Each structure stands twice: as structure tokens, then as C-alpha cells.
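Residue-level structure breakdown
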Amino acid sequence: MDTATIGVALLLPLLSLVYVFWPRHRSIDISKFPRKFNYEKDKKKPYYDVICVGAGPSGSCLGYYLGIRGKKIALLEKKQFPRDKICGDAVCKTGIEMLMEMGLYDTLIKEKKAHVADSGGVVSPGGLSFVGRSHEQLGTVPAALACKRIILDEALVRAAQKSGAELIENTPVKDAHFDKSTGLWTVTIEDSDVTYQGRVLVCADGATSKLATQLGLVTSPPQGTCSRSYIGAGTHSFKADGVMFYPKGLLPGYAALFMHPNNELGYCCYIIPGNPKVTNDTLPYWHDRLMKEDPVISKAIGKSNDIERMKAGNLRFGGEKNSYDDHLLVIGDAAGMIDPMTGEGIHHAMESGKIAAGFLNEAFEVGNFDKEVMKEYQNRWMYKFGSDYKWSLAFISILYRYPILLDAAAAAMQRKGNEYLARWADVMTGRVPKATLLRPEFSIVIGFEVARLIFQKLLRRDPRKRSAVSEMTD
């Protein structure tokens with residue numbers, strides 16, 4: 001085992017070359033395609049430019065960015081806002097920048113509907129920990145914030161409405177059919193004779209993606225799952241903003257604690273595929289076990305906590321290979337835009353809505369929505385963040401086999417402090433690609449820490465373990 005681990009440590013610097021020379025996605029010049037449809041600016045026309053099924057973060061951002069461009073877009077939402085969505089509630093840096101761009105960030109903070117994560121860190125499988133602060137290194141845009149989805153989703157959809165998008169609530173979609181002769185989709189609604197027509201159909205209906213599955217673009221069920229429980233203010237002992245825990249038995253999954261406004265705490269457990277002993281149906285076991293038996297998590301949550309019953313949500317990882325067809329796009333969780341390494345997807349969902357809106361605006365100018373044109377949407381999100389998923393998949397496989405790499409990362413944070421934590425946070429929150437871990441600044445440093453940990457083990461010396469309990473609890 002030690003020999004194999006040393007081999008991995010020596011290999012990491014060489015892998016940085018793979019990152020440098022890995023081929024990038026090429027874009028398509030859609031202006032060269034022939035015009036098939038003329039764009040009608042009149043919003044009184046009997047059909048929508050775009051019908052989006054689902055008004056979560058991806059659909060609402062699509063609606064916002066198409067709305068400000070004057071497009072006629074309908075957001076069909078099966079429930080009524082405010083409505084909840086089971087999630088870890090962490091909005092990463094890219095999503096925060098979009099909240100700022102949409103004019104929502106300051107309001108969410110001022111009204112104490114979102115909590116900025118400044119103090120945070122990790123607890124490794126071997127018990128090494130580091131909790132520091134990232135604000136000074138990251139500047140005006142924090143690494144992450146916690147905002148309940150019942151709040152975030154409504155804020156986003158109201159912004160979409162203000163931009164000109166039409167929200168149609170309590171509208172569960174039954175199916176959709178495309179008429180090639182007219183170039184229009186007809187969307188039917190469950191238990192209703194009402195139909196909606198649109199030039200482009202966008203599936204943004206979450207990880208299970210009923211509609212994209214019916215249309216044949218999504219062909220497999222979600223691979224992972226996550227839990228969520230809120231813990232009442234004054235009933236826990238956690239004092240940091242956000243900490244990720246990597247229990248060895250749960251790898252490549254993890255648990256997390258995130259502070260919300262008014263000292264409310266969110267506790268989550270993520271099941272990520274890769275460990276044959278940890279499957280989706282074991283989520284309640286791990287959620288309960290870590291809360292009661294993990295020495296740090298149990299101390300942070302406390303014994304006299306006011307914790308709600310566990311709720312669970314599906315996770316579709318790694319990006320779908322085909323998120324487009326004639327006059328059709330799939331965005332957000334429905335397209336699997338969740339990072340396999342972290343289970344985070346809100347920022348990618350939001351960004352996919354923005355990317356789709358920008359692309360569709362160009363497609364309307366060209367007047368062509370054929371499959372060959374719509375492929376450019378996939379190229380753009382793959383270039384922006386999707387191509388990085390393969391690195392996440394590779395890394396979680398390595399981390400499952402060699403947990404010492406996470407120990408080494410925590411040891412590097414202990415030695416280098418907040419600056420290294422901030423750079424690690426940028427990677428883990430998707431601000432920079434996961435492939436950045438292959439660069440010498442990470443691979444050589446972590447490789448050195450692996451060698452040092454192995455050397456300490458050979459000398460029967462314990463690595464420098466800080467008291468994770470004291471770092472993040474009262």
C-alpha cells in the first residue's frame with residue numbers, strides 16, 4: 001500500500017503535463033448555417049420563443065438573461081413559489097457573481113437570507129484538519145455562501161419575471177411534441193387541456209429530468225444522493241462557516257456543515273458513486289451515524305440539538321453526453337451539471353442558464369435551430385466547466401483508493417495557511433478547474449506532503465494533528 005501511494009505521489013507532477021496538453025473543445029460558427037425561420041419580435045405572437053420546463057436556478061437564469069434581451073419566454077413550474085428543493089444550499093463563487101450581476105446579492109445579505117462563508121476548512125480521513133479564513137485572499141467575492149433553496153429559487157425566479165420572463169406556476173408538464181413542418185414544440189400539461197407552443201424547448205426539470213428522459217436525451221437515473229437537516233440556532237456548538245468532512249468509510253462521499261443566517265446550521269451527507277460499500281440506500285445510515293459517532297461532527301452538532309428530520313435529494317453527476325437536439329436544450333441538474341467531486345451544482349446550473357440564453361440569442365439571429373447548430377450550446381458549457389468533470393471523476397477514484405492524498409492536502413493547509421486554503425477553495429468550488437490540482441503548485445506540494453506523512457509513519461511519528469473540535473466548536 002505504501003509503495004503504491006509513493007508511486008501516486010511521484011506521478012502527480014507528471015500528470016500536470018496532461019493538463020497542459022489536453023485538447024480543448026472547438027466552437028462552431030453558427031452564422032454559416034442557412035436561415036430557416038425569421039424572428040418575430042412581436043410578443044403578441046401565438047407562441048413563445050422559448051418554453052422552459054422548470055424554474056429552478058438554471059431555468060430562472062435562462063429566463064432572466066433571455067428576458068433582458070427581449071425574448072418571449074415561458075417558465076413552466078410544476079409547483080408554486082416559494083417551494084423547497086433538497087440541496088446542500090451552498091452557492092459557489094461563480095453563482096455569487098451572477099447574483100451580484102442580477103442585483104440580488106446585496107439584498108439577500110442585507111435581509112439575512114444568505115450567509116457568507118469566510119471561516120472554513122476540511123477534516124481529512126486521517127484526522128488532519130485545518131480551519132482558516134479566505135476573505136482576505138479572495139477579496140470582494142467570497143468562495144461560497146449558504147442560502148436556503150426555498151429563498152434562493154424564489155429570488156431568482158422573481159428576477160426572471162422582472163426581466164420579462166413569464167412564470168406559469170402549478171403547471172406539471174405531461175409531454176412535448178415537435179412539429180417539423182412549423183418548427184414549433186407543443187407542450188401538454190397533466191390533467192389539463194391547456195397547451196403551450198414554442199420555437200425552442202428547454203428541459204430544466206431537475207436531476208430526475210422526466211421530460212428529457214421521455215424525449216430520449218437522458219437515458220439513465222441519477223447516480224447519487226444527498227441528505228439535508230437544519231439545526232436550530234442556539235442548539236449546536238459549530239462556530240465556523242463551512243467545513244467538509246471526509247470519513248474514510250464514506251469516500252468518495254463526504255459530509256458538510258454550513259452556517260446559515262441567524263446561527264442556523266445545515267448538515268448534509270453526500271453519497272458519491274465509487275465506493276461499492278456505500279450506495280444510495282445507505283444514506284440514512286451515514287447521515288445518522290456521522291451525526292452521532294463522528295468525533296467532530298457529533299461535537300459540533302451537540303446532543304441537545306433541535307434538528308429536523310433528514311430529507312434527501314437526487315444527484316445527477318458528470319454532465320450528459322447529449323444535451324441538445326433539434327430546437328431542444330437540456331440545462332442544469334437535468335443535464336447532470338453537478339460536480340462529481342463535490343456534489344455541488346447550483347453555480348453550474350445558474351451558469352448553464354446564462355450560457356444557454358447567450359447561445360439562443362445568437363441562434364434567433366441566425367434563424368436556425370437544427371441539431372447541428374444546437375450542438376454549439378454543448379460545446380460552450382463543456383468548454384466552460386463540463387470538460388472538467390472527467391478530472392473530477394478521475395480524482396474521486398484516486399481519492400477513494402488513496403485517502404492519504406486528502407491527509408496531505410490538509411497537511412499542506414496547516415503548513416501554508418489561509419492562502420493555500422483559499423486556492424484549495426477556488427478549486428473545490430469550481431472557480432478554477434479541478435484539473436488545476438495537476439499543476440505543480442498543487443501536485444508537487446501534495447506529493448511532498450504524502451512523502452512526509454509516509455516518512456513519519458515509518459518513524460512511527462504521528463502527523464501534526466490539530467484539534468478539529470476546538471477549531472470549529474464553542
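A short tour of the structure in this document, coming up. (Residues numbered from 1 in each chain as written. Predicted model: local features only at pLDDT ≥ 70, side-chain atom pairs only at ≥ 80, totals over all residues. Heavy atoms only, no water.)

1. Some thoughts on the overall build of the chain
Applicable threshold: Strands are runs of DSSP state E lasting at least 2 residues, helices are runs of H or I lasting at least 4, and numbering of each runs from the N terminus. It is over C-alpha atoms that the radius of gyration is taken, and the globule rule equals 2.2 Å times the number of residues to the power 0.38. Only protein chains enter the accessibility calculation, which uses a 1.4 Å probe. A residue is then buried if its area is under 20% of the maximum for its type, exposed if over 50%, and partly exposed in between. Methods summary: accessible areas were calculated by the Shrake-Rupley approach with a probe of 1.4 Å, and residue burial reflects only the protein chains presented. Residues scored as positive are Lys and Arg, those scored as negative are Asp and Glu, and His as well as the terminal groups of each chain are ignored. A charged residue contributes its charge at one atom only: NZ of Lys, CZ of Arg, CG of Asp or CD of Glu.
Assigned secondary structure in the chain consists of 16 helices and 18 strands. Relative to the compact-globule value of 23 Å for 474 residues, the chain shows a C-alpha radius of gyration of 23 Å, a close match. A principal-axis box enclosing the C-alpha atoms of the chain has dimensions of 75 × 50 × 40 Å. Looking at the 474 residues of the chain, the share that counts as buried comes to 59%. With an accessible surface of roughly 20,200 Å², the chain has 52% of that area assigned to carbon and sulfur atoms. Placing the 61 positive and 53 negative side-chain charges of the chain at their respective mean positions leaves the two points 4 Å apart.

2. Thoughts on the packing of aromatic side chains
For any pair of aromatic rings, the description consists of the separation of the ring centres together with the inter-plane angle of the planes. Note the threshold: Any two rings among Phe, Tyr and Trp, with Trp reduced to its six-membered ring, count as a pair given centres within 6.5 Å; such a pair is stacked if its planes are under 30 degrees apart, edge-to-face if over 60, and tilted if neither. Throughout this description, the term charge over a ring refers to an Arg CZ or Lys NZ atom that lies within 6 Å of the ring centre and within 35 degrees of the ring normal.
The final tally for this structure, using the stated rule, is eleven aromatic pairs. Both rings, one in Tyr-285 and one in Trp-286, keep their centres 5.4 Å apart while their planes meet at 80 degrees; by these two values the pair is edge-to-face. An aromatic cluster is present here, built from Phe-37, Tyr-39, Phe-364 and Phe-369 joined pairwise through their rings. The ring of Tyr-39 has Lys-71 sitting right over it, with the charged end atom 5.0 Å from the ring centre. In this arrangement the basic side chain of Lys-148 is found over the ring face of Tyr-230, its NZ or CZ atom lying 4.3 Å from the centre.

3. Focus: empty space enclosed by the protein
Put simply, the rule is: Think of a 1 Å grid over just the protein atoms. A cavity is a set of points where a 1.4 Å probe fits yet cannot get out, a pocket is an open set with protein on both sides within 12 Å along at least five of seven lines, and lining residues have an atom within 4 Å of a point. Grid points are joined across faces, edges and corners, and a volume is the space filled by probe spheres set on the points.
According to the stated counting rule, one finds five cavities of 30 Å³ or more in the structure shown. One number sums up the size of the largest cavity: a volume of about 340 Å³. Ala-144, Gly-242, Met-244, Ala-425 and Thr-429 are, among the 23 residues lining the largest cavity, the residues nearest its centre. Secondary-structure elements contributing two or more residues to the lining of the largest cavity are strand 3 (90-92), strand 5 (119-123), strand 13 (242-245), strand 14 (254-259) and helix 14 (418-428).

4. Looking at the packing of helix 3 (residues 93-101) against helix 10 (residues 346-366)
The geometry of a pair of packed helices is captured by two quantities: the angle between their axes and the separation between those axes. Selection rule: Here an angle of 0 to 180 degrees is reported between the N-to-C directions of two axes, which are lines fitted to C-alpha atoms, with helices fitted over the stretch in contact. Geometric relationships in this document are graded by angle, where less than 35 degrees denotes roughly parallel, more than 145 denotes roughly antiparallel, 65 to 115 denotes roughly perpendicular, and other angles denote oblique. Two helices that cross are described as forming a left-handed crossing if the nearer one is turned anticlockwise from the farther one by less than a right angle, and a right-handed crossing if clockwise. Any pair of residues with heavy atoms lying within 4.5 Å of one another is described as a contacting pair. Residue polarity is assigned by list, with Asp, Glu, Lys and Arg as charged and Ala, Val, Leu, Ile, Met, Phe, Trp, Tyr, Cys and Pro as nonpolar; anything else, Gly included, falls into the polar class.
Contact geometry for helix 3 and helix 10: axes closest at 8 Å, N-to-C directions at 50 degrees. Here helix 3 is positioned oblique relative to helix 10, judged by the angle of their axes. Pair helix 3 / helix 10 crosses with left-handed handedness. Between helix 3, through Thr-94, Gly-95, Met-98, Leu-99 and Glu-101, and helix 10, the contact on the second element is made entirely by His-347, Met-350, Glu-351 and Lys-354. Broken down by class, the residue content of the contact of helix 3 with helix 10 amounts to three nonpolar, three polar and three charged.

5. A few points about the sheet that holds strand 4 (residues 115-117)
Condition: Note on pairing: two strands pair once DSSP finds at least 2 bridges between them.
Across the sheet, which stays open at both edges, the three strands sit in the order 3-7-4 with antiparallel pairing between neighbours. The open sheet has two free edges, formed respectively by strand 3 and strand 4, since each of these has just one partner strand. In this sheet, adjacent strand axes meet at a mean angle of 30 degrees when their direction is disregarded. Relative to strand 7 (residues 144-146), strand 4 is paired through three bridges, and the arrangement is antiparallel. By the bridge assignment for strand 7, Ala-117 is matched with Ala-144. Sitting on the sheet, helix 3 touches strand 3 and strand 7, and the angle it makes with strand 3 is about 85 degrees.

6. Remarks on the nonpolar core
Heads up, the rule is: To form a nonpolar core, buried Ala, Val, Leu, Ile, Met, Phe, Trp, Tyr and Cys residues must be joined to one another through side-chain atoms within 4.5 Å.
Formed by 81 residues in total, the largest nonpolar core has its most connected members in Leu-62, Leu-99 and Leu-360. The dominant element in this core, judged by the number of residues it contributes, is helix 10, at ten residues. Not counting residues within four places of it along the chain, the set of residues in contact with Leu-360 comprises Val-50, Leu-62, Leu-66, Val-200, Val-202, Leu-329 and Met-374.

7. Here's the deal with the packing of helix 14 against helix 15 (residues 440-458)
At their nearest, the axes of helix 14 and helix 15 sit 12 Å apart, and the two run at 115 degrees to each other. When you trace helix 14 past helix 15, the crossing you get is left-handed. Residues Tyr-420, Arg-423, Trp-424 and Val-427 of helix 14 lie in contact with helix 15, whose contacting residues are Glu-441, Phe-442, Val-445 and Ile-446.

8. Digging into the layout of surface pockets
Roughly 870 Å³ of internal volume is contained in the largest pocket. In terms of lining, the largest pocket is formed by 48 residues, of which the most central are Lys-78, Lys-85, Asp-205, Gly-206 and Ala-207. Counting only elements with at least two residues in the lining of the largest pocket, the list comes to helix 2 (57-67), helix 6 (149-163), strand 9 (173-179), helix 7 (210-214), strand 16 (311-315) and helix 10. Take the lining of the largest pocket: its biggest share by element is four residues, from strand 16. For the lining of the largest pocket, the class distribution of residues is 19 nonpolar, 14 polar and 15 charged.

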